[in-house]
Amino acid sequence: MDPVALFQQVAASVPAYRAFLAENSIDPGKIRTSQDFARLPMTTKETYTRRHPLPDLCRDGVIGDIVAVSSGSTGEPSFWPRSAADEQVIAARFEEVFRNSFAAHERRTLAVVCFALGTWVGGLFTVDCCRQLAARGYPITVVAPGTDRREILRVLPELAPHFDQVVLLGYPPFLKNVIDTEDLPWHRWNVRLVTAGEVFSEEWRALVAGRAGIEDPVRGIASLYGTADAGVLGNETPLSVEIRRFLSARPDAARELFRESRLPTLVQYDPEVRFFEEHQGTLLFSGDNGVPLIRYHIADEGGLVAYDEMLAFVRRHGFEPAARGPERPFVYVFGRSHFTVSYYGANVFPENIAIGLEQPAISGRVTGKFVLEASEDADRDRHLTVTVELMPGEKPSEEIARAAGESILAQLLRLNSEFAHYVPAARQPPFIRLRESGDPEYFPPGAKHRYTR
C-alpha cells in the first residue's frame, strides 16, 4: 500500500478527515513523501472518530451498507459502517487460513460461527466472510449458533457427520469451554479452530488441540488479529505459528525479540492493503475501510518485524521453520496495556497467569478463566489475587487451590523476570480464590470476560 496515495484519497473524499487536517493546519497538497506522511498527527477515537457525525467519517459522507458496533470494552460502544467491497479485502485473510491451513478448497467444510451475533462485529462479519469463500467456489457451509451453547449442541450432531471437517470460529475461552463441557464426539469430526480477540499461549493451543482431537496444532488452530474499527488486519499462518511455538519454549529469545516477558499474538499481514507503523511500543495502522483511517492509534501494544529479519533471527537461534511462506511482514500484538496489574513495581500480565492454569497438574480441573487483581488487606498490604473458575462439577478445595497457586507461581518466575526480581519472595505466591463454573460475580455466562480488575 502506498500510504501517501491513500492519504490523498481520504483527504479528498472524507469530510471528517478534511476537517481534522484543517484543525491541525495541514495542507494536503504538501504531503508528498513517506517522511511527510510519518509527520502527520495520529488519529484516535478521542481526537477523531468521536468528534464527528458518522456520515462525515465515511467516503463522500455516505454510510456503508451495514453497521457494526464495537464491544465498548474500554468505554462507550462505537459504530463502524462497512460495505461489501470492504469485506472482500477481509475475506482474503479468512481464505488464507481456510486454504493454506485447513485445505478447505478440497474438503467439505462446516463453518460454525460461535461469535456473538447481532450488532456486535464478530458474528455477522464472520458469517459474511465465510459465505464469500463459498461464493468463490469453496465447499463451505455456514451455520451460526452464535454464543448459544444449547444451539451449538443441537446443530453440531446433526450437521457435522455430513462434512469432512468442522471449523469452529469464536473467542478462545468460549471455544475451549464448549469443547471441555459438551459431551460431543470431537475426535470424529476433524475439528479446526479460528480464534480472535485474545492472546492465548502455546500451552493453550496444545491443550485445546488435544481435547478437540486436532492432530496438527500448527495447521489446526489459527488466530486472527482484527478490530471493529478496520476488520481483520492480519492472520496466523503455519510459518508464524511454528515460530511462535519455537519462541514459547525459549523465554530469553522471545524477550530479546519482543522486548517483553510475555508472548504476543504473532501474525502476518498484507502490506498491499494495510500499512502499519510502530509508535512508542504501540501500533498505528492505515487502511481504506468503511471508515477510512490514517495513522490510527488503537492503543494495542506491539511491533513489526520484516520477513527477512524474522527468519534471520530464528535461524540465529538454531531454528529452521518447515513452512516457507508467505513472504510477508509480521506484526506482533500484546493487547491493551491497561489489562496488566502492577505489583511491587512489576507488570503482571494475564498471559503469565493463563499459562500457569494450562499446565497438566491443574488444567483438567479449571476452565482457564480467571480474574487477576492486586488487592489490599486491612493492614494495606498488597496481595496478588487470582480468582479461578472451576470446571463444571468441581467444588472448591484446598488441594485445587494449592495446585493452581504452585503452577501459577512457577510460570510467573519462569516467564516474568520483573516479577522474579522485584517482588519479595514472601509476597510472590498468589492468593487463589476458587469459584464454581458460571459464578455470577466473576464468570457470568455469555458476557465477554475481563481478566483483570
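Since we're looking at a predicted model, the values are computed, not measured.

**Re the overall build of the protein chain**
Counting its secondary structure elements, the protein chain contains 15 helices and 18 strands. Relative to the 2.2 N^0.38 estimate, which gives 22 Å for 453 residues, the radius of gyration of the protein chain is 22 Å and therefore close to what a compact globule would have. Buried positions account for 55% of the 453 residues belonging to the protein chain. At a minimum sequence separation of 6, the contacts of the protein chain that also span at least 24 residues come to 71%. Only carbon and sulfur atoms are counted for the fraction: they give 50% of the accessible area of the protein chain, which is about 18,900 Å². Positive and negative side-chain charges in the protein chain, numbering 50 and 60 respectively, have mean positions lying 1 Å apart.

**Structural notes on the pairing of strand β4 (residues 140-143)**
Two strands pair when backbone bridges link them, and strand β3 (residues 109-113) and β4 are joined in this way by 4 bridges, in the parallel orientation. Residue Thr-109 lies in a different strand from β4, and its bridge partner there is Ile-140. Handedness of the crossover joining β3 and β4 through helix α5 (residues 121-135) is recorded here as right-handed.

**Thoughts on the nonpolar core**
Ranked by internal contacts, the top residues of the largest apolar core, which has 60 residues, are Phe-7, Tyr-17, Leu-40, Phe-94, Phe-98, Leu-169 and Tyr-225. Among the elements that make up this core, the one with the highest residue count is α5 (6 residues). Excluding residues within four positions of it along the chain, Tyr-17 makes contact with Phe-7, Val-10, Ala-11, Leu-40, Thr-43, Tyr-48 and Ile-294. Cys-114, Leu-156, Val-178 and Leu-184 belong to the second largest nonpolar core, which has 27 residues in total.

**Comments concerning helix α13 (residues 350-357)**
The α-helix winds at 3.6 residues per turn, so residues separated by three or four positions along the chain end up facing the same way. With 8 of its 8 residues buried, α13 lies for the most part within the structure. When α13 is considered as a whole, its buried residues turn out to be Pro-350, Glu-351, Asn-352, Ile-353, Ala-354, Ile-355, Gly-356 and Leu-357.

**Some remarks on the packing of aromatic side chains**
For the structure on display, the rule yields 19 aromatic pairs. Ring pairs connect the aromatic residues Trp-80, Tyr-225, Tyr-269, Phe-276, Phe-285 and Tyr-296, which therefore count as one cluster. Positioned over the ring face of Phe-125 is Arg-82, at 4.0 Å from the centre of the ring. The positively charged end of Arg-244 is found above the aromatic ring belonging to Phe-200, 5.7 Å away from the centroid.

**Overview of the environment of Phe-94**
With respect to the helices and strands, Phe-94 occurs in helix α4 (residues 84-101). Judged by its relative accessible area of 4%, Phe-94 is buried. When the C-alpha atoms of Phe-94 and Gln-132 are compared, they prove to be 9.6 Å apart, with 38 residues separating the residues in sequence.

**A word on the side chain of Thr-282**
Tracing the chain through its elements places Thr-282 in strand β11 (residues 282-287). The class of Thr-282 is buried, set by a relative accessible area of 13%. Within the local environment of Thr-282, its side chain forms a polar contact with the backbone oxygen of His-279, the two atoms lying 2.6 Å apart. Not counting the four nearest positions on each side in its chain, Thr-282 is found in contact with Glu-277, His-297, Asp-300, Glu-301 and Gly-302.

**Details of the pattern of salt bridges**
Counted by the stated rule, this structure contains 33 salt bridges. Note that Glu-399 is salt-bridged to Arg-365, the shortest N-O span being 3.0 Å. Of this pair, Glu-399 sits in helix α14 (residues 398-415) while Arg-365 sits in the loop between α13 and β16 (366-376), placing them 34 residues apart in sequence. Residue Glu-399 is classed as partly exposed on the basis of its relative accessible area of 45%. With a shortest N-O distance of 2.8 Å, Glu-373 and Arg-433 are connected by a salt bridge. Taken together, the residues span a long stretch of sequence, with Glu-373 in strand β16 and Arg-433 in strand β18 (residues 431-435) at a distance of 60 residues. Glu-373 sits in the buried class, given a relative accessible area of 15%. Each of Glu-202, Arg-205, Glu-236, Arg-244 and Arg-245 takes part in one network of salt bridges that share partners.

Calculation rules
- Residues numbered from 1 in each chain as written.
- Predicted model: local features only at pLDDT ≥ 70, side-chain atom pairs only at ≥ 80, totals over all residues.
- Heavy atoms only, no water.
- Helix = DSSP H or I, 4+ residues; strand = E, 2+ residues; numbered from the N terminus.
- Rg over C-alpha atoms; globule rule 2.2 N^0.38 Å.
- Buried < 20%, exposed > 50% of the residue type's maximum accessible area, 1.4 Å probe, protein only.
- Contact = heavy atoms within 4.5 Å.
- Areas by Shrake-Rupley, 256 points an atom, 1.4 Å probe, with all protein chains shown as cover.
- Lys, Arg positive; Asp, Glu negative; His and termini not counted.
- Charge placed at Lys NZ, Arg CZ, Asp CG, Glu CD.
- Pairing = 2+ DSSP bridges.
- Right-handed = clockwise from strand over helix to strand, strands pointing away.
- Core = buried A, V, L, I, M, F, W, Y, C linked by side-chain atoms within 4.5 Å.
- Phe/Tyr/Trp six-rings, centres within 6.5 Å; stacked < 30°, edge-to-face > 60°.
- Lys NZ or Arg CZ within 6 Å of the ring centre and 35° of its normal.
- Polar contact = N/O pair within 3.5 Å; in protein donor to acceptor, adjacent residues only side chain to side chain.
- Salt bridge = Lys/Arg side-chain N within 4 Å of Asp/Glu carboxyl O.

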